[in-house]
Amino acid sequence: VLVNSALDPEPKEAFLSIPAYSITPLLAKPMQSEGNFMSQKDIAEEETPTKIIILRRFPDDWQCYVDVDGSGFELVDSAPANTVPKQGPDNEWIAGCVKRHMAFKFGQY
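None of these values were measured; they are calculated from a predicted model.

What follows covers the overall build of the protein. A tally of regular secondary structure across the protein gives two helices and four strands. Listing the helices and strands of the protein from first to last along the sequence gives β-α-β-β-β-α. Per-residue burial over the protein gives 28% buried out of 109 residues. In the protein, the proportion of contacts linking residues at least 24 apart, taken out of those at least 6 apart, comes to 48%. Split by element, the accessible area of the protein, about 8,000 Å² in all, is 55% carbon and sulfur.

This is the structure in structure tokens:
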């Protein structure tokens, strides 16, 4: 059993291991860009940061939960465990989950 393992280099005994339980808490920061549907005012007034949890409970798939307004986490998407590296989903997949959920919650879908 390894907890919060960041072994570098990874020992050869761990090459074939798979995570039995993984939880990664994240926060999303607002970003100004042309494609951002939230106005400057909305971003400046944001009091509750968007919270993200990436979770895997063996044998289930990787799951992305998002809380955009402090009302609680909602399951946004899941990725099959056999398509994701054992370190977890990449940042691009996570960002896509958050963007789709925010667009849905704020009526921009």
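What follows picks up the thread again.
This paragraph deals with the nonpolar core. Residues I52, I54, W62, C64, V66 and V98 are the most contacted members of the largest nonpolar core, which totals 13 residues. Put simply, the parts of the chain that give this core at least two residues each are β2 (50-57), β3 (62-67) and α2 (91-105). The dominant element in this core, judged by the number of residues it contributes, is α2, at four residues. The residues contacting V66, other than those within four sequence positions of it, are T50, K51, I52, G72, F73, E74, V76, V98 and H101.

As a further point, take the pattern of salt bridges. Going through the model one piece at a time under the given rule, you end up with four salt bridges. Of the charged contacts in the structure, one is a salt bridge between D69 and K105, with a shortest N-O distance of 4.0 Å. Of this pair, D69 sits in the loop between β3 and β4 (74-79) while K105 sits in helix α2, placing them 36 residues apart in sequence. Residue D69 is classed as partly exposed on the basis of its relative accessible area, which comes to 40%. With a relative accessible area of 31%, K105 lands in the partly exposed category. Between E74 and K105 there is a salt bridge, and its shortest N-O distance comes to 3.0 Å. On the criterion of sequence distance, the pair formed by E74 in strand β4 and K105 in helix α2 is long-range, its members being 31 residues apart. With relative accessibility at 29%, the residue E74 sits in the partly exposed group.

This part covers the pairing of β4. For β3 and β4, the ladder comprises five bridges, and the chain directions are antiparallel. For W62, the partnering residue across the bridge sits in β4 and is A79. In this antiparallel pair of consecutive strands, β3 and β4, the connection spans six residues, and G70 shows a positive phi of 80°.

The subject of this paragraph is the sheet that holds β2. One open sheet accounts for four strands, arranged β1-β2-β3-β4; its pairing is antiparallel. Single-partner strands in this sheet number two, and they are β1 (21-28) and β4. Between one strand axis and the next, the sheet turns by 20° as a mean value, whatever way the strands run. Examined bridge by bridge, β2 and β3 share six bridges and lie antiparallel to one another. Its bridge partner lying in β3, L55 is registered against Q63. Taken strand by strand, α2 contacts β1, β2, β3 and β4, and its axis lies near 145° from that of β4.

The rules behind each value
Residues numbered from 1 in each chain as written. Predicted model: local features only at pLDDT ≥ 70, side-chain atom pairs only at ≥ 80, totals over all residues. Heavy atoms only, no water. Helix = DSSP H or I, 4+ residues; strand = E, 2+ residues; numbered from the N terminus. Buried < 20%, exposed > 50% of the residue type's maximum accessible area, 1.4 Å probe, protein only. Contact = heavy atoms within 4.5 Å. Areas by Shrake-Rupley, 256 points an atom, 1.4 Å probe, with all protein chains shown as cover. Core = buried A, V, L, I, M, F, W, Y, C linked by side-chain atoms within 4.5 Å. Salt bridge = Lys/Arg side-chain N within 4 Å of Asp/Glu carboxyl O. Pairing = 2+ DSSP bridges. Axes fitted to C-alpha atoms, helices over the stretch in contact; angles between N-to-C directions.

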